[in-house]
Amino acid sequence: MRPIHMATDIPSEHVLVAFNNPSAIRVYRINADFTAGAEVAQPNAIDPGIFAHQVRATPDNKQVILVTRGHDPAGPKAEDPGALMLWDFAGGVLSNQQKIAPNGGYGFGPRHLDFHPSKPWVYVSLERENRLDMFTLTDGKLSPQAVFRKNNLSQLGVPGARQAVGTVHVHPNGRFVYVANRASTVVDGAFVGGENTLAAYAIDPTTGEPNPIQHVDTRGIHCRTFHIDPSGKLLVAAHIQGTRLKDGSSVPCCLSLFRVSDDGRLDYVRKYDIDVGAKTMWWMGMVEV
């Protein structure tokens, strides 16, 4: 099994782990001395969906959501549908599973989600559709359909290049939400093009609708992850790999630093090139010290 994402519940009493191949979710206790404890046995049947990619506890810690992406069709292989799997959560036990899969999960490939800090709004990045959806979470239930859907790209795709949405983060002040666009297809040893940007949205304070205000170049290839510092003033975007361009030059793996303006727009400051050799920079985050 391949673990793909890990998070704690809100009081840090349990570790939640998502596995993508095969898809699964497991819950482990955190001991009183903060060491890893035993797995919590699940008495109920679990439907882990297809290709889980993220797991999160809801802000009130009463539910857990597993984001399952599915797969695009490939040659003779049909599409595998995606879904949001939601359980009630208490004492590490998952129960009363709900499955949110608009259109049966076809044309619905969620990758990550994030919660509004004070409203019942859940923002979901759809990797396979290059889209941002907003769902409501009320009385422990997600809306069966997205309330709002937004195209996350600023331009048409490049023929022969895979374009995919990455992660999503709501700003700590709840006024903005950001989503990564990533492209990295290489043909004949060179990057063929595509959009590597961060899409910024202003959140309507009444409805939760995300309205696009900016697409900013991340200055790297394949912006897989990014994070906003706890103060909300800085955003750092991490790029998974270095890539050679058609003109023979190369773009190294890097971290790109942006300042977050009061209006939610991002101002590029600088980037830090990272020598990863033949490896990749999968995840990054920031914490308050």
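This section reports on the structure supplied with the text. The structure displayed is predicted, hence computed values, not measured ones. (Residues numbered from 1 in each chain as written. Predicted model: local features only at pLDDT ≥ 70, side-chain atom pairs only at ≥ 80, totals over all residues. Heavy atoms only, no water.)

From N to C terminus, the chain includes zero helices and 25 strands. Relative to the 2.2 N^0.38 estimate, which gives 19 Å for 289 residues, the radius of gyration of the chain is 19 Å and therefore close to what a compact globule would have. Expressed as lengths along the three principal axes of its C-alpha atoms, the size of the chain is roughly 60 × 50 × 40 Å. Per-residue burial for the chain yields a buried fraction of 50% across its 289 residues. Pairs at least 24 apart in sequence give 49% of the contacts found in the chain among residues at least 6 apart. Treating the 28 positive side-chain charges of the chain as one cloud and the 28 negative ones as another, the clouds have centres 3 Å apart. (Helix = DSSP H or I, 4+ residues; strand = E, 2+ residues; numbered from the N terminus. Rg over C-alpha atoms; globule rule 2.2 N^0.38 Å. Buried < 20%, exposed > 50% of the residue type's maximum accessible area, 1.4 Å probe, protein only. Contact = heavy atoms within 4.5 Å. Lys, Arg positive; Asp, Glu negative; His and termini not counted. Charge placed at Lys NZ, Arg CZ, Asp CG, Glu CD.)

Moving on, we get to the packing of aromatic side chains. The full count for this structure, using the stated rule, is two aromatic pairs. Ring centres of Phe108 and Phe135 lie 6.1 Å apart, and the angle between their planes is 75°; on these two criteria the pair is classed as edge-to-face. Here Phe108, found in the loop between β8 (93-100) and β9 (110-115), pairs with Phe135, found in strand β11 (residues 131-138); they are 27 residues apart in sequence, far enough to count as distant. The exposure class of Phe135 is buried, given its relative accessible area of 0%. Centre to centre, the rings of Phe258 and Tyr268 are 5.7 Å apart; their planes meet at 65°, and the pair counts as edge-to-face. One end of the pair, Phe258, is in strand β24 (residues 254-260); the other, Tyr268, is in strand β25 (residues 266-273), and ten residues separate them in sequence. With a relative accessible area of 0%, Phe258 lands in the buried category. Judged by its relative accessible area of 28%, Tyr268 is partly exposed. Residue placement shows Arg2 over the ring face of Trp282; its charged tip is 6.0 Å from the ring centre. (Phe/Tyr/Trp six-rings, centres within 6.5 Å; stacked < 30°, edge-to-face > 60°. Lys NZ or Arg CZ within 6 Å of the ring centre and 35° of its normal.)

Moving on: the sheet that holds strand β4 (residues 36-39). If you walk across this open sheet you meet the four strands as β1-β2-β3-β4, and the pairing is antiparallel. The strands lining the two open edges of the sheet, one partner per strand, are β1 (3-8) and β4. Strand-to-strand twist across the sheet, computed as the mean angle between neighbouring axes with direction ignored, equals 30°. (Pairing = 2+ DSSP bridges. Axes fitted to C-alpha atoms, helices over the stretch in contact; angles between N-to-C directions.)

Right, let's get into the pairing of strand β5 (residues 52-57). The buried fraction of β5 amounts to five of the six residues, a majority that puts the element mostly inside the structure. Here β5 runs beside strand β6 (residues 63-68); their pairing, made up of five bridges, is antiparallel. Directly across from Ala57, in β6, lies its bridge partner Val64. Two successive antiparallel strands, β5 and β6, enclose a turn made up of five residues, where Asn61 displays a positive phi of approximately 65°.

Further remarks concern the environment of Asn61. Take Asn61: it is sitting in the loop between β5 and β6. Using a relative accessible area of 17% as the deciding quantity, one classes Asn61 as buried. Linking Asn61 and Arg224, residues 163 residues apart in sequence, is a C-alpha distance of 27 Å. Excluding its chain neighbours within four sequence positions, the residues that come into contact with Asn61 are Asp9, Ile10, Pro11 and Phe89. A polar side-chain atom of Asn61 sits 3.0 Å from the main-chain amide nitrogen of Ile10. (Polar contact = N/O pair within 3.5 Å; in protein donor to acceptor, adjacent residues only side chain to side chain.)

Next up on the list: the side chain of Gln54. Relative to the assigned elements, Gln54 resides in strand β5. Within the local environment of Gln54, its side chain forms a polar contact with the backbone nitrogen of Leu113, the two atoms lying 2.7 Å apart. Setting aside its immediate chain neighbours within four residues, Gln54 contacts His5, Ala18, Ile65, Leu66, Val67, Arg111, His112 and Leu113.

Shape descriptors only; they carry no functional weight alone.
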